[in-house]
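Chain by chain, the residues run as shown.
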Amino acid sequence: MVATATFKVSNDVLRWVLQTAENRLSPDWIDRINKWIKGEKLPTINQLKMLSKKSQIPFGNFFLPTPPKKEVPLLNFRTINNSGVINASPELLQTIDSMEIKADWLEDYRIKAGYSPISFVGMGNNKEFKNSSHSKIAEEILKYFDLKKNWNVNLKYKQNAFKFLRTAISNKGIIIETNSVVGNNNNDSLNINEFRAFVLINKYAPLIFINTKDSQNARLFSLAHELVHLWYGKKEIFNYNFQTEPQYLNKKVEQEINKIAECILFDRDTFNSYWKTSDGTDIEKIYKIARKFKTSPMATAVTAKNYKLVSQKLVSEIKKETSKNVKKRNGNGGPQFYDVLAYKTDHNFASAVINSTEEGNTTYLEAFNLLNVKSMKGYDNLKARVEENR
């Protein structure tokens, strides 16, 4: 009888597997790994192959003496100091990697096609804006996108402010991608407690990614915040969670950017006017004004606090309430798969890939990977939806 081959995996590697892939593993697998760590049993080679598939960790990593370290420079630019976070999740790492591939591809495409660099990236570093107020900078940013203050207040009742601002930004060549999972894998959810958005600085293909696990209106503040980062040409992972005393990695910069983002969404005079004329408790006023500006109650509450209209205690109450609402949301009865894919994908990026492919400069296989489709049918379905929105 042939003995089953086993291997003593480093305990450091096994602990890393639990930390990075726990949400993909069943209780039985977690229990089994803990027994391996305690030395009660040794894993077989076949078990390690199965674990590799379930955890999405390369098989070879189980034979390393220590966990592999992947250098992702963007992780050094988190809004909040996550010194207690040892590793970024595989979902965040895969998402960053995917977006960097897209931005690099589009940069190459645009340079070859003779595009000019996008002047908005780093514009805030010009001397003319050095002593400008937050509201003045917000006005300049809005002006670049052909918008004016109170742009969101003036939208029609059913107009989506996030979609409206996304379109205005995209029209200037800035890529905005969204998703709540890794690619199309609904088992790999993104976590808003880890990040809400991030921005990649690229003069030819700047890219903002929005985590749509967040509420509809909360995404709007994330978009405005990352837009200001582009204005200054500063890369970032936006993991702000509205803490009472956030430990910013760069306090001065982030506070400035938050105030400018606030001014993009809220004109102070208009806000104060609504506050004075609104009836009800302070919490009721927050919700009423949030509907007026089409923003999240949380961003509205923080702004009210910054205007010295409410206390931090009320902000904390709003945070608790809105956190419950986010958890209640689910995807039942949602739109068709390709409608969702078209929403996730920036249409300028998709159009560039489609044009390059049909001109013979990009292979269909590469296009499938860039557009996150698996076949010609998927490619044609996405192409049809992109063309509908041109």
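Please read all numbers here as calculations on a predicted model, not as lab measurements.

Even after reading the chapter, I still don't get the pattern of salt bridges, so can you show me in this structure?
Side chains bearing opposite charge may pair, as long as their charged atoms lie close to each other. A complete count under the given rule lists 10 salt bridges for this structure. Where Arg196 meets Asp214, a salt bridge forms, and the shortest distance between an N and an O atom there is 2.6 Å. You can see Arg196 sitting in the loop between strand E3 (185–189) and strand E4 (197–200) and its partner Asp214 sitting in the loop between strand E5 (207–211) and helix H7 (218–232), a full 18 residues away along the chain. Both residues of the pair, Arg196 and Asp214, count as buried. Here Glu358 ties to Lys383 by a salt bridge, and the two come within 2.9 Å at their closest N and O atoms. Residue Glu358 is located in helix H14 (residues 347–358), and its partner Lys383 is located in helix H16 (residues 376–388); the two are separated by 25 residues in the primary sequence. Under the relative-accessibility criterion, Glu358 is labelled partly exposed at 42%.

Mind showing me how you'd approach the sheet that holds strand E6 (residues 236–238) here?
The pairing of strands in a sheet happens through backbone hydrogen bonds and is either parallel or antiparallel. Taken together, the 4 strands give an open sheet; going across it, the order is E1-E5-E4-E6, and neighbouring strands pair in mixed fashion. Each having just a single partner strand, strand E1 (175–179) and E6 make up the two edges of the open sheet. For this sheet, the mean angle separating the axes of adjacent strands, direction not counted, is 15°. Across 3 bridges, E4 lies against E6 in antiparallel orientation. Within E6, the residue paired with Ala197 across the bridge is Phe238. Along the sheet, helix H6 (residues 161–170) contacts E1 and E5; its crossing angle with E1, the most-contacted strand, is approximately 145°.

Conventions adopted
Residues numbered from 1 in each chain as written. Predicted model: local features only at pLDDT ≥ 70, side-chain atom pairs only at ≥ 80, totals over all residues. Heavy atoms only, no water. Salt bridge = Lys/Arg side-chain N within 4 Å of Asp/Glu carboxyl O. Helix = DSSP H or I, 4+ residues; strand = E, 2+ residues; numbered from the N terminus. Buried < 20%, exposed > 50% of the residue type's maximum accessible area, 1.4 Å probe, protein only. Pairing = 2+ DSSP bridges. Axes fitted to C-alpha atoms, helices over the stretch in contact; angles between N-to-C directions. Contact = heavy atoms within 4.5 Å.

Interpretation note: all reported values are geometric properties and have no functional meaning in isolation.
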